[in-house]
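So the chains spell out like this:
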Amino acid sequence: MLQFLEARARRAFFLVPFAYFAMAAISAAGEADVVNIYSYRQPDLIRPMLDAFTKETGIRTQIIFAEKGLEERIRAEGALSPADVILTSDISRLAAAKDIGVTQRLDDPVVRANIPPQYRDEEGHWFGLTLRSRVVFASRERVAQDTITYEELADPKWKGRICTRSGQHVYNIGLIASMIAHHGEDWTETWLGGVKANLAVKPTGNDRAQAKAVYAGQCDIALGNTYYIALMRTNDKEPKQKAWANSIKVLFPNADGRGSHVNISGMALAAHAPHRDAAVKLMAYLTGEAAQKLYAETNHEYPVKAGVPVSEMVASFGQLNADPLPLSEIARNRRMASELVDRVGYDDGPSS
Ligand SMILES: [Fe+2]
């Protein structure tokens, strides 16, 4: 066994020497008052909640932030991984972490009570912390209607009028996976081909770029996550984003029917979690009233815990009627969604 661990340690050293030793040096497994977080979420976004946790419990947190590759890093570090908690946005990434075996089951009564069942893994490997809806950003000037459905995006009346980011981005994969859950594979393929035919330009840029494109008159409607509108409208660092967001009205698709597609940001307990007890305390804390309020106010996301109010800005968008589809079903359909994006050539744009 010892030999096995040494081999793992050597491999981990080879693959991720700096980060591995940096973390190992400052957070030995015996130390009980620290939680090591591997995060795809920007440290600035999660710092307020982590600071509040430390203030209440005396347990410190340390973050390793990366834009990709954290699951592979944890896998390479093996049984000696310093990772306790994984924080990320999007169900696809949470499900991927479970699939490659870098998470472990958690059955905690506080976490279970705070997170509705559709927003957590039935086997306890991942948990939603916040919700965001994938809505339509519609031009105030050029779109008269105040309601819309995802289905309608394939209607020829929108020809040349829609902008989106890449179909392969996890945010769009989540939406397309939900369409597969509701309508089946064949129907969704036809629908996606219809949306592609309505695109104004080849998919490019992030969600904020889509808002800019609507503002600039390149397209009349776009797809984007709710919090971006709030972040742009309050962006004092780049005030031009306020104009982009103010040129748009938020339409919640399928609001009068099954509800608008929602995705999550969430967390998982790392497979080997050297500070398991402290990690579970943090995970429970993040689902509680105080942290959920902070998520709502600072990030303009929807709290996952019932009864916690949204920010004033998010409330101004109108009432979210969330599609109750379990996120695990979206996770199951994500590979098929990605295949359909390729099959219809979505990212090639409207003219191919
Ligand atoms: Fe985002």
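Bear in mind that the values here come from a model prediction, so they are computed numbers and not experimental data.

Draft legend 1. Inspection of the pairing of strand β1 (residues 34–39) at higher detail. For β1, a buried count of six out of six residues is recorded, marking the element as mostly surrounded by other parts of the structure. Going residue by residue along β1, you find V34, N36 and Y38 tucked away on one face and V35, I37 and S39 tucked away on the opposite face as well. Bridging between β1 and strand β2 (residues 60–65) involves six bridges; their strand directions are parallel. Paired with S39 across the strands is F65, a residue of β2. You can see the chain leave β1, run along helix α3 (residues 43–57) and come back into β2, and the turn it takes is right-handed. Sheet topology places β1 next to strand β3 (residues 85–89); three bridges connect them, and they run parallel. Within the sheet, the bridge partner assigned to Y38 lies in β3 and is I86.

Draft legend 2. Highlighting empty space enclosed by the protein. Applying the stated rule across the entire model yields two cavities of 30 Å³ or more. Roughly 70 Å³ of internal volume is contained in the largest cavity. What lines the largest cavity is L153, T164, G167, N172, L175, I176, W191, L192, V195, L223 and Y346. Broken down by secondary-structure element, the contributors of at least two residues to the lining of the largest cavity are α7 (170–183) and α8 (185–198). For the lining of the largest cavity, a count of residues per class yields eight nonpolar, three polar and no charged. Space inside the second largest cavity adds up to approximately 40 Å³. Along the walls of the second largest cavity sit D90, R132, S133, R134, Y171, N225, H261, V262 and N263, which together make up its complete lining. Listing elements by their share of the lining of the second largest cavity, those giving two or more residues are β5 (127–139) and β9 (262–270). Ranked by the residues each element gives to the lining of the second largest cavity, the list is headed by β5, at three residues.

Draft legend 3. Inspection of the layout of surface pockets at higher detail. Here the largest pocket defines a volume of roughly 920 Å³. Lining the largest pocket are 28 residues, with Q42, L45, R208, Y228 and L231 positioned closest to its centre. Those elements giving two or more residues to the lining of the largest pocket turn out to be α3, α10 (226–233) and α13 (289–299). Partitioned by chemical class, the residues of the lining of the largest pocket number nine nonpolar, eight polar and 11 charged.

Draft legend 4. Examining the pairing of strand β8 (residues 248–251) more closely. Neither face of β8 is exposed, since I248 and V250 on one face and K249 and L251 on the opposite face are all buried. Two strands pair when backbone bridges link them, and β5 and β8 are joined in this way by four bridges, in the antiparallel orientation. Across the sheet, residue S139 finds its bridge partner in β8, namely I248.

Draft legend 5. Geometry of the pattern of salt bridges. Per the stated rule, a full pass over the model turns up 22 salt bridges. One salt bridge connects D99 with R335, and the closest N-O pair in it is separated by 3.1 Å. Here D99, found in helix α5 (residues 91–99), pairs with R335, found in helix α15 (residues 327–343); they are 236 residues apart in sequence, far enough to count as distant. Accessibility expressed as a relative area gives 46% for D99, which makes it partly exposed. The class for R335 is exposed, based on a relative accessible area of 54%.

Draft legend 6. Broad picture of the confidence of the model for the chain. Looking at the chain as a whole, the pLDDT averages 92, with 91% of positions reaching at least 70. Ignoring residues within four places in sequence, the model shows residues 1–26, a span with pLDDT below 50, making 27 contacts including any to other chains.

Reading the values: the criteria
Residues numbered from 1 in each chain as written. Predicted model: local features only at pLDDT ≥ 70, side-chain atom pairs only at ≥ 80, totals over all residues. Heavy atoms only, no water. Buried < 20%, exposed > 50% of the residue type's maximum accessible area, 1.4 Å probe, protein only. Helix = DSSP H or I, 4+ residues; strand = E, 2+ residues; numbered from the N terminus. Pairing = 2+ DSSP bridges. Right-handed = clockwise from strand over helix to strand, strands pointing away. 1 Å grid on protein atoms, 1.4 Å probe; cavity = no way out; pocket = protein on both sides within 12 Å on 5 of 7 lines; lining within 4 Å. Points joined across faces, edges and corners; volume = space filled by probe spheres on them. Nonpolar A, V, L, I, M, F, W, Y, C, P; charged D, E, K, R; others polar. Salt bridge = Lys/Arg side-chain N within 4 Å of Asp/Glu carboxyl O. pLDDT = per-residue confidence, 0-100. Contact = heavy atoms within 4.5 Å.

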